[in-house]
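# Close look at the chain arrangement
Residues per chain are reported as follows:
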Protein chains: 2
Amino acid sequence: MVLEIIQGPSDVKKLAKEQRLTLANEIRSALLKKLSKQGGHFGPNFGFVEATIALHYVFDSPKDKIVFDVSHQCYPHKMLTGRKDAFLYEAHYHDVSGYTNPLESEHDHFTVGHTSTSISLACGLAKARDVKQGEGNVIAIIGDGSLSGGEALEGLNVAAELNSNIIIVVNDNDMSIAENHGGMYRNLKRLRDTNGSASCNLFKAMGLDYVFVDDGNDVEKLITVFQQVKDTNKPIVVHIVTEKGKGYQPAIENKEPWHYCAPFDIKTGASIIKTNIESYNDLTGKFLLEKMKQDTSIVAITAGTPTVMGFVEKLRNEAGNQFVDVGIAEETAVAMASGIAKNGGKPVFGVYSTFIQRSYDQISHDVCINQSAVTIPVFAGSIYGMRDVTHLGIYDIAMLSNIPNLVYLAPVSKEEYLAMLDWSIEQTQYPVAIRVPGGKMISTGKQVTKDFSQLNTYEIVEKGSKVAILGLGSFYPLAEKVKMMLQETLKIEATLINPQYITGIDEQVLTALKDNHDLVITLEDGILDGGFGEKITRFYGTSEMKVLNYGFKKEFLDRFDLNEVLLANRLKEELIVEDVKAIL
Amino acid sequence: MVLEIIQGPSDVKKLAKEQRLTLANEIRSALLKKLSKQGGHFGPNFGFVEATIALHYVFDSPKDKIVFDVSHQCYPHKMLTGRKDAFLYEAHYHDVSGYTNPLESEHDHFTVGHTSTSISLACGLAKARDVKQGEGNVIAIIGDGSLSGGEALEGLNVAAELNSNIIIVVNDNDMSIAENHGGMYRNLKRLRDTNGSASCNLFKAMGLDYVFVDDGNDVEKLITVFQQVKDTNKPIVVHIVTEKGKGYQPAIENKEPWHYCAPFDIKTGASIIKTNIESYNDLTGKFLLEKMKQDTSIVAITAGTPTVMGFVEKLRNEAGNQFVDVGIAEETAVAMASGIAKNGGKPVFGVYSTFIQRSYDQISHDVCINQSAVTIPVFAGSIYGMRDVTHLGIYDIAMLSNIPNLVYLAPVSKEEYLAMLDWSIEQTQYPVAIRVPGGKMISTGKQVTKDFSQLNTYEIVEKGSKVAILGLGSFYPLAEKVKMMLQETLKIEATLINPQYITGIDEQVLTALKDNHDLVITLEDGILDGGFGEKITRFYGTSEMKVLNYGFKKEFLDRFDLNEVLLANRLKEELIVEDVKAIL
C-alpha cells in the first residue's frame, strides 16, 4: 500500500507515475470507508484527490503555503501530511477535524469552515512574505461555488494588485452545494467549453493571469501545469475542471445530497441512519410552499444552502420564481430581502446561525435602518446544532439582538414557531428574525394565536413566587425542569416564563415580579456576553432583585462533548438549584 | 432660472435641450454655494449632474425606481425631485439629509450611506416587481469605487440571473475616495480606452449585457442611451464615464480631498475652517510611519479610506509597500490582516466604527478563531463622531466585544492610545481592537508603560468608598465630573476607575469594591444593550451591589442634537448624581 508509507509531502515527491495513480485509488478507498462509517464532506474530497497529490508533488509545503477555502476538501491533504492514520484506521477516525487545523499540522495555516475566505487569507500570507523579503509560493484553493461570495471576489481584485507570487487554483466542478447560481457561471461554462480560450474571461477581467486545465482529475496534467506556475512572480489563476464525487457512482449521479453525507451502505449508497423525525427544516419548506401557492408575493431566499429551509429540488421546482438561490452571497441575500420588502413582496431568508454573521452590516444598514419587513428564520442557533468551531450556533443572540429595530423571536414549540413565522411574513412593520429551536422538537398540539405585534410581551406560563425562571427558546425545557426540582427539593413554587422576545424586555412583567420574588433566573442557549440575560440583569440593576444568568461562557468551542459543556456552564437543573439554595 | 420651476421629474421632461444645459449649470451653482457654506460630498455630486438630469428626463420616477449606491451623489436628484429649496436657499439647507431618505420623498427608496449595496437592493425591488407581475424599470447607480466591495460584486452576479428588467449604471470617474485599487480597474480602463469594445469585459463575464457611454457628462448622449435601455427585459450595465468634481477646477485637480469638503472659499478653494488641533487620525499615521521605518514587517491596511489612519498621499508614498489599500473591501482587509499576522507580519487595519460592521464574520472566523495577532484601531466609535443614521459610531462595542478571543481596548488619552497601539503591534498572542477616543483629545503628558498582556486589569485612578464610577474610554471625563459633583453635593468620595478593557472584567477589582461600596456606575460611549456595563451588572447579579449603567438607548439616531441625546440618556453629571441620590 502506497498510502501507508506517506509520512509527509516529501514521500509524495518520491512516487513514480504509476504509484501516484495507485495513491489516488487508495485515498478514495480510505475516504469511502471512513465516510461510510462516520459521514462527512463527500463530493468535495472525492473530486480533489488528484489535485492534492499534484500539489504536494510539485510544491514544498509548508514552505509553500496551501490555503483551502471552506477546507471541506482537505481530507486528501490531511492524508498526505502526516495524518493518514486518521483515515486508514477506525480507532483514529476522530484524531482529526473535518477542516484544516493548524493545531494538527504545520501544513494547515488556518482553521476555516466558512466559504470565500481563501484568496484574501492567501493575500495576507503573500503580503507578509513580501515585506519580509521571504520566499515560497502561496496557493489558494477555491471551489467555483465559493467564488460567488463577496469576500472571494474582493480577494481576486486585491490579489491582482499584489504584483508577486500568488497562485489561485479554481477547482471548478460546476456545483456549489446545490447547483450554482449567477451570471459568472455562464462565463465559467464558456471557459470550460473553449478549453479556457474564450476572450471574455472573469479572471482576466479581474486583472489576473490565467491558465486552464481541462481535466483536473488527471494527476500528470496537473503536475505539468503546477510546475509551470511554480515560483511565478505574478498573481495567476489555475482553472481546473474536476468532477465532484469522482470515483463513486451514487455521488456522481446525485451531487447535491452527496456534498455532505451521513453514514451509508457502500454498496447501495443508501443512508444507514433512518429517521422519521420531523425537522424544522422540512417543516419550514412545506409551510412556505403552501403559503406561496396562495400568495405570489412570498419569496424564499437562500444563500447556497436551500435545504436549510427544506427546499430540496422538488420543492424548489414547485416554488418556481418564488424561490431564489443567490449562491453563496449572504450579503446580497439580506439586501435583496430588504428590496423585496420595500417593493411590496414578502421575503423569507432562511440561514444557519453561523452564516448570518456574514451579513451584519446588511441586517443593520440595509434592513433595520430601513425598517424593512423581512423574515429571517435562523437555524441551528443552539448548542444542539453543529459542533465544529467554525460552525457554532451560540453567538447569534449577541450579534443580532443588539441591532436596533430588529425583532428577534425565540419560539419554544413547533406551533409557536409556525405562528411567529406566519405573523412575521404577513406584517409590514418590523424586520424579524426567528431563532428556530434546537434540540428535540416540541409539539404542544395547541394552536398559537398571539398577535406578536405587541412587542416584548412575555408569556407567564405558571405564576408562582420567590423565584421566577425565564426559559428562552430551546432552553425552556430546562426551565421546566428547574421549576420542578425547586418544588421537589425546596418547596418553592417558581414562576415560569416563556419570554418569546429576545430583543426587548417586558417591563411590566419584570416590575410585577418584584412584588413577591427574590430571584430571577434567565436561561439562554447562547453565550452570556451581550445576550438576553444581561438585559434582564440591567433592568434589575438598582433593585433588590437578585438575578442569575445561565448560558455559555464567551469562548470558542471545538468538537465538544455536549454534556461536558452543559456541566461546565452549570446548565443542569441540579446545579442551578444548588446555586439557588446558596443565594436564598 | 430653470431650477426654480422644477417641482418634480415631470418638469424635467418638459425641458428643451438648451434648458437642460442651463439646468446643469444652475445645479452646479447651487451646489457650489451650499457646499462652500456647509460642506458635504463634493466630487461625487459635481460629476453626476448630467446623468441625474438624463435619468429623470428618460425614466418615470417613482414608478421607475432609482437606487443610489452610498447615495453621496444624490444631491442633484434631490433638487429634481421636489427638494430644490434645500439647495437654493440657505434657510432651508438643513431640510434634507446628505443621503437618500424615504422620509423626504417618494423618489428615495432606501436610507443608505454605506457602499456597494445598490445592486443587491435593486435586485430585491426587481424581484418583488416580477413576482407581483408589476411594471417599471429598476435602476441601480453605482460608482467604480464601490464596485470593489463584495456585496456589489455578488450583486452583479445575482442581477445577471434575474432575467428581467434591471439597469445598472456604472458611474466610472476612475476614482474611489482616493485612487482605485485592484485588478478590475485595469479592465475598466481598458473598456474606457476601447470605447467599451474590449472583448474581455468584467460585466459581460458576470453575465450581463453592456453598453458604454464615453462622455457621461453629456446629457444628450446619456438620454439617447437611457432611452435605448428603458424597459429592457434583460439585466444590463450602462457604463458611463464621468469626471469627478466636474465644473470646479480645484476639485478636478485634487480629487481626493474634494471627495468630501468642509466649508471653503469659492474663489480659492481654501478651507474656511482652520484647525491646528491634533487629530487621532494624523497621530496614528505619523506613529505608524515611524515604526514602519524601523520594522519592515509592519503593514498598514485600509479599505478605501486611507486618511482615517492619517495616510494622506505623502505618507502613503513614504510607506511604500507597507501600506495596502484594498479598495472598498472591508472583508478582505480583515482576512488579509489575519494572513499577514499568520506569516509573521504585523498588520494594522484602521477603520471607522460604522464600517467595521462590514466584517463581522471575518473578525470572528478569519481572525479570532485563528487567534491572529492583528491590530484594529476603530475610529469615530463615539457619539462625538458622525451624526448621520448610516454612519453612527455607537454600536461597535456591542458588535465587537462579544466575539470570543478579541481584546477590545478603550484608551482615554493620547498617551494611553499610543501605548496600547504599540503594545498591540508588537505582541503575537491576541487579536486586538482599540477604540480610538472620541471628543476632545486628552493628553496627560505622562508616558504609559503598562503591559497590556495582563488582560482585564482595570486602573483604579482614585480610591474612595460608597460609589465607584467606571468611565470607559471617551466617557472617562464624564466619570471625573460625576466624581467631583458627588463630592461637592453629597460629600461622597467616589472611587474612580478607568477600565481600559472592554472585553473582559476585572473580577478582583470588582470583588474588592463589595467591601466598602454600595453602588457601581458604568459609563460607556455606546448603546447599553450588549455593551460593557451589562457585563458589570451581570457580575454583581446576585450580590448586594447596586449598579447603574449609563450609555445610549438601543435605537437609530439621525442628525441629532448632541446635547438632546445626552440629556435623553441622562448622560450629564447632574442627572447622574440625581439618580445616585434617589438610590442611596
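Up top is the structure these notes are about.
First, a word on what this report is: a plain description of the structure on this page. In this text, all values refer to a predicted model and were calculated from it rather than measured experimentally. Each chain carries its own residue numbering, running from 1 in the direction its sequence is written. Going through the entries in the order they are written, you letter the chains from A and number the ligands from 1. At least 70 in pLDDT is required for a residue's local features to be given in this predicted model, at least 80 for side-chain atom pairs to be given and counted, and no such filter applies to totals for whole chains, interfaces and linings, which use all residues. Working from all heavy atoms in the structure, the side-chain values ignore hydrogens and water.

Moving on, we come to helix α24 (residues 573-583) of chain A. Those residues of α24(A) that sit buried are A:E573, A:L575, A:I576, A:V577, A:D579 and A:V580. In what follows, residue pairs with any heavy atoms lying within 4.5 Å of each other are defined as contacts. Note on conventions: DSSP H or I runs of at least 4 residues are helices, E runs of at least 2 residues are strands, and numbering of each starts at the N terminus. On its buried face, α24(A) is in contact with β16 (466-471), α20 (476-490), β18 (517-527), β19 (546-552) and α23 (562-568) of chain A. Only protein chains enter the accessibility calculation, which uses a 1.4 Å probe; a residue is then buried when its area is under 20% of its type maximum, exposed when over 50%, and partly exposed in between.

Further remarks concern the interface of chain B and chain A. Contacts between chain B and chain A engage 111 residues on the former and 112 residues on the latter. What counts as a salt bridge is simple: a side-chain nitrogen of Lys or Arg found within 4 Å of a carboxyl oxygen of Asp or Glu. Our enumeration of links across chain B and chain A arrives at eight salt bridges. Note that A:D529 is salt-bridged to B:R538, the shortest N-O span being 3.1 Å. Think of a polar contact as two N or O atoms within 3.5 Å of one another; within protein, one of them needs to be a possible hydrogen donor and the other a possible acceptor, and neighboring residues in sequence only count if both atoms come from side chains. Across the contact surface, chain B and chain A share 63 residue pairs in polar contact (both at pLDDT 80 or more).

Axes are the key here: two packed helices are described by the angle between their axes and the distance separating the axes. All names here are of chain B. A fitted line through C-alpha atoms serves as each axis, taken over the contacting stretch for helices, and the angle formed by two N-to-C directions is quoted from 0 to 180°. Their axes nearest at 7 Å, the elements helix α7 (residues 118-131) and helix α8 (residues 150-159) cross at an angle of 35°. From α7, I119, S120 and C123 reach across to α8, where they touch E151, A152, G155, L156, V158 and A159. Residue classes follow a fixed rule: Ala, Val, Leu, Ile, Met, Phe, Trp, Tyr, Cys and Pro count as nonpolar, while Asp, Glu, Lys and Arg count as charged, and any other residue, Gly among them, counts as polar. Class assignment for the residues of the contact of α7 with α8 results in six nonpolar, two polar and one charged.

A pair of aromatic rings is counted whenever rings of Phe, Tyr or Trp (Trp by its six-membered ring) have centres within 6.5 Å, and the orientation is called stacked for planes under 30 degrees apart, edge-to-face for over 60 and tilted otherwise. In the structure shown here, the tally under the stated rule is 45 aromatic pairs over all chains. Where A:Y280 meets A:Y417, the ring centres are 5.3 Å apart and the plane angle is 90°; that geometry is what we call edge-to-face. Of this pair, A:Y280 sits in helix α13 (residues 280-294) while A:Y417 sits in helix α19 (residues 414-426); the two residues are 137 residues apart in sequence, bridging distant segments of the chain. Taking the relative accessible area as the measure of exposure, A:Y417 reaches 0% and is therefore buried. Between the aromatic rings of B:F42 and B:W258, the centroid separation amounts to 4.9 Å while the plane-to-plane angle is 70°, which identifies the pairing as edge-to-face. Of the two residues, B:F42 sits in the loop between β1 (40-41) and α3 (43-47) while B:W258 sits in the loop between α12 (249-253) and β7 (260-261), which places them 216 residues apart along the sequence. Of the two residues examined, B:F42 and B:W258, each falls in the buried class. Pairwise contacts between aromatic rings join A:F42, A:F46, A:Y248, A:W258 and A:F264 into one cluster. A ring is scored as having a charge over it whenever the NZ atom of a lysine or the CZ atom of an arginine sits within 6 Å of its centre and within 35 degrees of its normal. Over the ring of A:F87 we find A:K34; its NZ or CZ atom is 4.2 Å from the centre of that ring.

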